[in-house]
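# Per-entry structural report
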Amino acid sequence: MAPGDVTHRTLDDEVPASADANGGSHADDASPERYRPLPTGTHGLDPELVKSDQRERLRAAMIELIAQKGYPSVRIVDLTKLAHVSQPTFYTLFADKEDLFLSTYDQIAQRTGHTILRAYNCAGPRAERLRVAMRAFADLAAAEPDAMSLFMLGAFGAGPCALERRRRTLDALEASILASRDRIPAMGATDLTVKVILGGIREVAAARLREGRQSQLAELVDDLADWATSYPRRLPPGMGAPPMTREDPSPGGLPASERARRAEGRLPSGRSDLPRQFIVKSQRERIVDATAAIVAEKGLAGLTIPEIARRANVSNQTFYSIYASKREAFLGAQKVGMHQALQITAEVYEAHAGDWPLAVAAGLRALIDYLASEPAHAHLSLVDTFAASPEAIETRNSTMHAFAAYMQPGYEIAAREQRPVPAIAAEAVAGGVWQVLHHYIENDCIAQLPQAAPQLAYMALTPFLGPDSAAAAAAAGARG
């Protein structure tokens, strides 16, 4: 057995010794049909057919177990027990748990991409093709909710290889759509339209899948298609973003912000006349900043309490007096980052409350400037959240819903101008913009985000104002 796959084994975890010729077990007669092994004994079946059947059972088990408890909690012994495949047989088929996950992910991604592109590349106008493609995806999500959840969310927490596979898959899907015959590229600039549309659809779909509401996706097809087609085929002048260039992270990780550097110094040791609440506040700030820096630099696997305490210049005892565990420190760092992002955005938005389009554009620019100034917190809050815990994902979703609320006045403006806006637009806009922010940060391009702010503001406003008015407001927000 590969080291690290099973950390705690009990008698209940053992696979029964009476395995069949397929590496399976007869212990669970109530096993679903998809896990039923091929006949035992002298069956004359092609050995490759037997191996293919075993692989499919293990992939099905991976999908089911990730849906139940997430990738990090899935063990080899759980997979083999559910799939009726012995552990020795497992290692003749896959190198380890990650190898099985990647195989499962690739299979789902290939099937999903083929389904969407086959529908999208049919004959007809662009709006109708989008509807057909979205309907095909909605049908797939309704039929295979656990597989679609793994495709959209399962790679988070599965390690860097899985995340890289996810990036390549999404990039390939986006490139295929961009290569469609009716797409007009922006000349000499990056057009984020397809990325925003795909991101918005993914967020809307993922929210329903997480909550077991995948059947509602079919009802949202027309609204999502109307939202997607509200964006013209070409960006207005001045709305293009500079081409993305991946930045090489510095040897010491992401640079600290000025605020984080101010919090780094140790307070005087021994007795101090400083108020106790001031001392605890400083220690808490240093702990959350250290947590964000470590996760951005090493990932969640590299987050340890001794490392947090060392970087924060506090003792282990002091750490435990503030946070009960590294998980609580992660959630604390996430909440600090999200709260600051919301506060800064809200202040700028309220400063322009009399001019809603300008308020959205200026608020979004303030958010992006904050993220660029706090790269470690931005990475933790937008990229590392999915791999952390259900509570972290819930905090992330609540924050995104708060940003979507800023789009609500757009419906009133559109109604006065008799411009139809689908009800899903605010949620889809927030999801699409969030996914672009995630893309820049994940690909080490966070310093370039401010240059993309005008186009993102344009994307946020276009469904409510139309492209021309949205471009004017986005330009004004960039100047502000």
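Residues numbered from 1 in each chain as written. Predicted model: local features only at pLDDT ≥ 70, side-chain atom pairs only at ≥ 80, totals over all residues. Heavy atoms only, no water.

## Quick word on the overall build of the chain
The number of helices and strands found in the chain is 21 helices and 0 strands. Sorting the 480 residues of the chain into buried and exposed places 53% on the buried side. Here the analysis covers contacts within the chain between residues at least 6 apart in sequence; of these, 70% occur between residues at least 24 apart. Element-wise, carbon and sulfur atoms account for 54% of the exposed surface of the chain, whose accessible area totals about 21800 Å². (Helix = DSSP H or I, 4+ residues; strand = E, 2+ residues; numbered from the N terminus. Buried < 20%, exposed > 50% of the residue type's maximum accessible area, 1.4 Å probe, protein only. Contact = heavy atoms within 4.5 Å. Areas by Shrake-Rupley, 256 points an atom, 1.4 Å probe, with all protein chains shown as cover.)

## Quick word on helix 19 (residues 425–442)
In this model helix 19 runs 25 Å from its N-terminal to its C-terminal C-alpha over 18 residues, within 8% of the 26 Å that 1.5 Å per residue would give. Following helix 19 by one or two positions, aspartate 444 adopts a phi angle in the positive range, close to 55°. (Expected span 1.5 Å × (residues − 1).)

## Observations regarding the nonpolar core
Of all hydrophobic cores here, the largest spans 119 residues; its most connected members are Leu58, Phe101, Leu224, Trp227, Trp356 and Leu437. Counting residues in hydrophobic clusters, the runner-up holds 23 residues, among them Val288, Ile294, Phe330 and Leu380. (Core = buried A, V, L, I, M, F, W, Y, C linked by side-chain atoms within 4.5 Å.)

## Observations concerning unusual backbone geometry
A positive phi angle, near 60°, is found at histidine 84, a position not held by glycine. Residue placement: histidine 84 occurs in the loop between helix 2 (76–83) and helix 3 (87–93). Despite not being glycine, glutamine 418 has its phi angle at roughly 55°, a positive value. Along the chain, glutamine 418 falls in the loop between helix 18 (409–416) and helix 19.

## Some remarks on the packing of aromatic side chains
This model, assessed by the stated rule, comprises 13 aromatic pairs. Between tyrosine 105 and phenylalanine 151, the ring centres sit 5.8 Å apart and the planes meet at 35°, which makes this aromatic pair tilted. Here phenylalanine 151 lies in helix 6 (residues 145–154) and tyrosine 105 lies in helix 4 (residues 97–120), a separation of 46 residues in the sequence. Of the two residues examined, tyrosine 105 and phenylalanine 151, each falls in the buried class. Where phenylalanine 403 meets tyrosine 406, the ring centres are 6.4 Å apart and the plane angle is 55°; that geometry is what we call tilted. With respect to class, phenylalanine 403 is no different from tyrosine 406; both count as buried. Ring-pair connections join several aromatic residues into one group, and the members of that group are Tyr71, Phe101, Tyr105 and Phe151. Positioned above the aromatic ring of tyrosine 71, the side-chain terminus of lysine 97 is 4.2 Å from the ring centre. Here the basic side chain of arginine 129 rests over the ring of tyrosine 120, its NZ or CZ set 4.5 Å away from the ring centre. (Phe/Tyr/Trp six-rings, centres within 6.5 Å; stacked < 30°, edge-to-face > 60°. Lys NZ or Arg CZ within 6 Å of the ring centre and 35° of its normal.)

## Re the side chain of glutamine 214
Assignment of secondary structure puts glutamine 214 in the loop between helix 8 (193–210) and helix 9 (217–228). Exposure remark for glutamine 214: the relative accessible area of 16% places this residue in the buried category. Leave out the neighbours within four places in its chain, and glutamine 214 touches Ala141, Ala142, Pro145, Arg208 and Leu209.

## A look at the confidence of the model for the chain
For the chain, the average pLDDT comes to 81, and 80% of its residues sit at 70 or higher. Segment residues 1–31: pLDDT under 50, and 58 contacts once partners within four positions in sequence are set aside and those in other chains are kept. Under a pLDDT of 50 for its full length, residues 262–270 has, in the predicted model, 14 contacts with residues more than four places off or in other chains. (pLDDT = per-residue confidence, 0-100.)

## What about the packing of helix 4 against helix 5 (residues 126–143)?
Contact geometry of helix 4 with helix 5 gives a least axis separation of 7 Å together with a crossing angle of 150°. Comparing the axis directions of helix 4 and helix 5 gives the class roughly antiparallel. Judged by the twist between their axes, the crossing of helix 4 over helix 5 is right-handed. The segment helix 4 lies against helix 5, with Thr112, Thr115, Ile116, Ala119 and Tyr120 engaging Arg129, Leu130, Val132, Ala133, Ala136, Phe137 and Leu140. (Axes fitted to C-alpha atoms, helices over the stretch in contact; angles between N-to-C directions. Parallel < 35°, antiparallel > 145°, perpendicular 65-115°, else oblique. Left-handed = near helix turned anticlockwise from the far one by under 90°.)

## Considering the packing of helix 14 (residues 326–351) against helix 15 (residues 356–373)
Helices that pack against each other are described as a pair by the angle of their axes relative to one another and the distance between those axes. Running from N to C, helix 14 and helix 15 point in directions that differ by 145°, and their axes come no closer than 8 Å. In terms of crossing hand, the pair formed by helix 14 and helix 15 is right-handed. Facing helix 14, whose interface residues are Gly337, Gln340, Ala341, Ile344, Thr345, Val348 and Tyr349, helix 15 presents Trp356, Ala359, Val360, Ala362, Gly363, Ala366, Leu367 and Tyr370.

## Some remarks on helix 20 (residues 449–465)
End to end, helix 20 covers 24 Å across 17 residues, agreeing with the expected 24 Å (1.5 Å per residue, within 8%). When the local axis directions of helix 20 are compared, the greatest deviation, roughly 30°, occurs at glutamine 455. Buried residues dominate helix 20, accounting for 16 of its 17 residues. Following helix 20 by one or two positions, glycine 466 adopts a phi angle in the positive range, close to 90°. (Bend = angle between axes of the 7 residues up to and from the residue.)

## Considering the environment of lysine 97
Among the structural elements, lysine 97 can be located in helix 4. The exposure class assigned to lysine 97 is buried, which follows from its relative accessible area of 11%. Distance in space between the C-alpha atoms of lysine 97 and leucine 79 is 9.0 Å, their sequence separation being 18 residues.

## Brief notes about the pattern of salt bridges
Within this structure, the stated rule accounts for 20 salt bridges. In this structure, the salt-bridge partner of glutamate 144 is arginine 111, at a minimum N-O distance of 2.6 Å. Taken together, the residues glutamate 144 in the loop between helix 5 and helix 6 and arginine 111 in helix 4 connect sequence positions 33 residues apart. One salt bridge in this structure joins aspartate 369 and arginine 365, with 3.0 Å as the shortest N-O distance. Of the two residues, aspartate 369 and arginine 365 both sit in helix 15, 4 residues apart, roughly one turn of that helix. The partly exposed category is assigned to aspartate 369, whose relative accessible area is 32%. (Salt bridge = Lys/Arg side-chain N within 4 Å of Asp/Glu carboxyl O.)

## What to know about the environment of glutamate 128
Mapped onto the fold, glutamate 128 is located in helix 5. On a C-alpha basis, the gap between glutamate 128 and threonine 229 in space is 9.7 Å, while along the polypeptide they are 101 residues apart.

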